[in-house]
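Single-letter residue listing:
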Amino acid sequence: MNSSVWQVIINEDDKFNIILGYYPVLKMNDFMKDKQEYIKIPYDYYNDTKIDVISSNILKDNTDGKGQAEIYISNPNRNEITDILVENLTTKIVGSRYDEDSQSTIITLEMDVVKEEDIAKSEYNIVSITYLDELGGQHVKEYSENNIRRLDVTMYRKVNLYLDFVKYINQNENIYLTDDIKITDSKLPNNITYTAILDGNNKTLDLNNERIIRGYFMYYLRGIVKNLKVKNMNLVSVQSYIGFFRYCNEATITNIDISNSSVLIDNPSGETVNTTMYVGGMIGQSHNSNFDRLSINDFHISRGEDKSDEYIAYHYVGGIIGESNSTNITNSYAYNLTIDNMYRDSIGGRFSLGGIAGTTSSNTIKNCYTHGTIDTEYSEVGGIVGRNSSTTITNNYSYMLIESGWDNVGGIVGNLVNAATVTNNMFIGKLINKNSNEFYSVITASRHTNSNVRNNYALESDPFSNSTTIITDTNNLSAFDVSSAFIENNYYEKACFYSFFYLPDDRGKRCSARD
């Protein structure tokens, strides 16, 4: 009921003053005493409690335009909804319809991160609903911390400048790249725990070969990073954790590629080093995480000249990750990877080196491959993993040239120190033993008695020369003859797990899609 209705019903002779939301007041002369005051119509009359959010349906995020959601509001009196306020978002009602069956109003709400005080995150609280009563009076239904109505929508800061990129990482906000960006002013993100979502939109972050002496770009990831390309990364450090991501815990990384980049383990200051180092082309160390479709291309990991009097360190070095625990790594690869100059120290220290991971514990590594070279004087070297504990390694292949002067060197796993599963893998590379007294194997050099090592494959002849020397393995190894492998497609079929895998040979063959 609006003011015009009131005028027709009780004020046709213009004897009352009408203010919406108040009882009508009889018009009286100013000189009369004790004039009637305006009395607000009791709030319960409108039964505000019937206006309430029932549920919501997210229509789209704001990566392409503005975000939209449908808000279902209990509204038996069919009050007009004029505004819905959501914390940290700019909102606007762009549609409204009434559902008779549920006696609810369905509001289409447009949302975006526009103002500086807005925040790009993945969970918001509805602050209030503004509506009109039967008399046209405006009322606000407010929600408190004890009476929350949540809106689970992922909103992003759309970024096309590097300094904004760093700014919103520091503010722990969701980020969506709209263009390629390049490092400026040598500015890096702060040492924060990033728990938001970074969607690179398949754009490229160019680090311009600037020396990053702290050894990492992002400090601690506990969120999601996806669809990002990184190039020209130059990490130079002797810190405990080295990689684009220093450390990951309960993180998800999907579809990330790092190319034309390098890591140099260097100690130019000459300070004494006595530590454990976790070095990866992409990740230093991870726990309880999931990684899928990670790749490094044209990547070099090396050790610089050590000028310290003492250098006693354990190094876990992997093409993609240094050390991983309770982590799944799937559909990933390292191509044109070089790990070299890993020499022995005069006092102490050791290395565990792998094409995918330096050391693993309670992991799954599946559908991955490596291509490149590893040259070291240390033990525990593998084409996929250097040191493996309780990890399932299956459906992988390694096309690596591995040279070492120490023991426990394998084409797939160097040292298997605990019960684990190593099945359906293939080594098509070459192992060079600088010390003939050490133990090498085309699959895994050292294995725990409770391990399951079976159905693994290797070539009969040397793929790096015309040699016909037979590579043998005593534990469930089937060998393929290199001359017939490509003709009969047996090795080719075994190596092709996913469509983006390809055989790194002159034939240029690509694998067909696989289930």
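Summary of the structure given here. (Residues numbered from 1 in each chain as written. Predicted model: local features only at pLDDT ≥ 70, side-chain atom pairs only at ≥ 80, totals over all residues. Heavy atoms only, no water.)

For the protein chain, the count of helices and strands is 4 helices and 46 strands. Per-residue burial for the protein chain yields a buried fraction of 50% across its 515 residues. Of the contacts made within the protein chain by residues no fewer than 6 positions apart, 71% connect residues no fewer than 24 positions apart. Summing over all exposed atoms, the protein chain offers an accessible surface of approximately 22900 Å²; the carbon and sulfur share of this is 42%. (Helix = DSSP H or I, 4+ residues; strand = E, 2+ residues; numbered from the N terminus. Buried < 20%, exposed > 50% of the residue type's maximum accessible area, 1.4 Å probe, protein only. Contact = heavy atoms within 4.5 Å. Areas by Shrake-Rupley, 256 points an atom, 1.4 Å probe, with all protein chains shown as cover.)

A contiguous nonpolar patch, built from Ile19, Tyr22 and Tyr38 and spanning about 250 Å² of accessible area, is present on the exposed surface. Relative to the assigned elements, Ile19 resides in the loop between β1 (16-17) and β2 (25-26). (Patch = residues over 30% accessible without salt bridge, like charges linked within 9 Å, V, L, I, M, F, W, Y side chains within 5 Å. Salt bridge = Lys/Arg side-chain N within 4 Å of Asp/Glu carboxyl O.)

Note on helix geometry: an α-helix contains 3.6 residues per turn, so any two residues three or four positions apart are oriented the same way. Among the residues of helix α2 (residues 162-170), those classed as buried are Tyr162, Phe165, Val166, Tyr168 and Ile169. Looking at the buried side of α2, the elements it contacts are β11 (157-159), β12 (175-177), β13 (181-182), β14 (193-194), β15 (197-206) and β17 (216-221). Asn172 lies just past α2 and shows a positive phi near 60°.

This part takes up the packing of aromatic side chains. One pass over the structure, following the stated rule, counts 12 aromatic pairs. A centroid spacing of 6.3 Å and a plane angle of 25° characterise the contact between Phe165 and Phe217, whose relative ring orientation is stacked. Here the residue Phe165 occupies a position in helix α2, and Phe217 occupies one in strand β17, the gap between them amounting to 52 residues. Judged on exposure class, the residue Phe165 and its partner Phe217 are both buried. Ring centres of Tyr333 and Tyr369 lie 4.9 Å apart, and the angle between their planes is 5°; this geometry places the pair in the stacked category. Separated by 36 residues along the polypeptide, Tyr333 in strand β28 (residues 333-342) and Tyr369 in strand β32 (residues 369-376) bring together distant segments of the chain. Just as Tyr333 is buried, Tyr369 falls in that class too. Among the aromatic residues, ring-to-ring pairing joins Tyr162, Phe165, Phe217, Phe244 and Phe245 into one connected group. (Phe/Tyr/Trp six-rings, centres within 6.5 Å; stacked < 30°, edge-to-face > 60°.)

On to the pairing of strand β30 (residues 357-361), then. Counting buried positions over the 5 residues of β30 gives 4, a clear majority of the element. Bridge count between strand β26 (residues 321-325) and β30: 4 bridges; the pairing is parallel. If you follow Glu323 over to β30, its bridge partner there is Thr359. Across 4 bridges, the pairing between β30 and strand β34 (residues 385-389) is parallel. Pairing of Ala357 across the sheet is with Val385, part of β34. (Pairing = 2+ DSSP bridges.)

Moving on to unusual backbone geometry. With phi around 60°, Asn208 is a residue other than glycine that occupies positive phi space. Position of Asn208 relative to the elements: it lies in the loop between β15 and β16 (211-212). Since its relative accessible area comes to 35%, Asn208 is described here as partly exposed. We note that Asn331 has phi near 50°; this positive angle belongs to a residue other than glycine. Among the structural elements, Asn331 can be located in the loop between β27 (328-330) and β28.

For the rest of this paragraph, the subject is the pattern of salt bridges. Where side chains of opposite charge bring their charged atoms close, a pairing between them can arise. Counted under the stated rule, the structure contains 11 salt bridges. A salt bridge links Glu380 to Arg387; the nearest nitrogen and oxygen atoms lie 2.5 Å apart. Residue classification places Arg387 among the partly exposed positions, given a relative accessible area of 24%.

Time to look at the environment of Ser240. Note that Ser240 resides in the loop between β19 (234-237) and β20 (241-249). Spatially, the C-alpha atom of Ser240 lies 6.9 Å from that of Thr275, the residues being 35 residues apart in sequence. Ignoring sequence-local partners within four residues, the contact set of Ser240 consists of Thr275, Thr276, Met277 and Tyr278.

Before going further, it helps to examine the nonpolar core. Phe165, Leu205, Phe217, Phe244 and Phe245 are the most contacted members of the largest nonpolar core, which totals 78 residues. Look past the residues within four positions of Phe165 in its chain and what remains in contact with it is Val159, Ile175, Leu177, Ile181, Leu198, Leu205 and Phe217. Within the second largest apolar cluster, 22 residues are counted, among which are Ile51, Tyr143, Leu151 and Met155. (Core = buried A, V, L, I, M, F, W, Y, C linked by side-chain atoms within 4.5 Å.)

A few words now on the side chain of Thr105. Of note, Thr105 is situated in strand β7 (residues 104-112). Of note is the side chain of Thr105, whose polar atom sits 2.9 Å from the side chain of Asn75. (Polar contact = N/O pair within 3.5 Å; in protein donor to acceptor, adjacent residues only side chain to side chain.)

Here 4 strands make up an open sheet; going across it, the order is β3-β4-β7-β6 and the pairing antiparallel. The open sheet has two free edges, formed respectively by β3 (52-60) and β6 (90-99), since each of these has just one partner strand. Within this sheet the neighbouring strands show an average axis-to-axis angle of 25°, counted without direction. Across 9 bridges, β6 lies against β7 in antiparallel orientation. The residue bridging Thr90 from the neighbouring strand is Asp112, located in β7. (Axes fitted to C-alpha atoms, helices over the stretch in contact; angles between N-to-C directions.)

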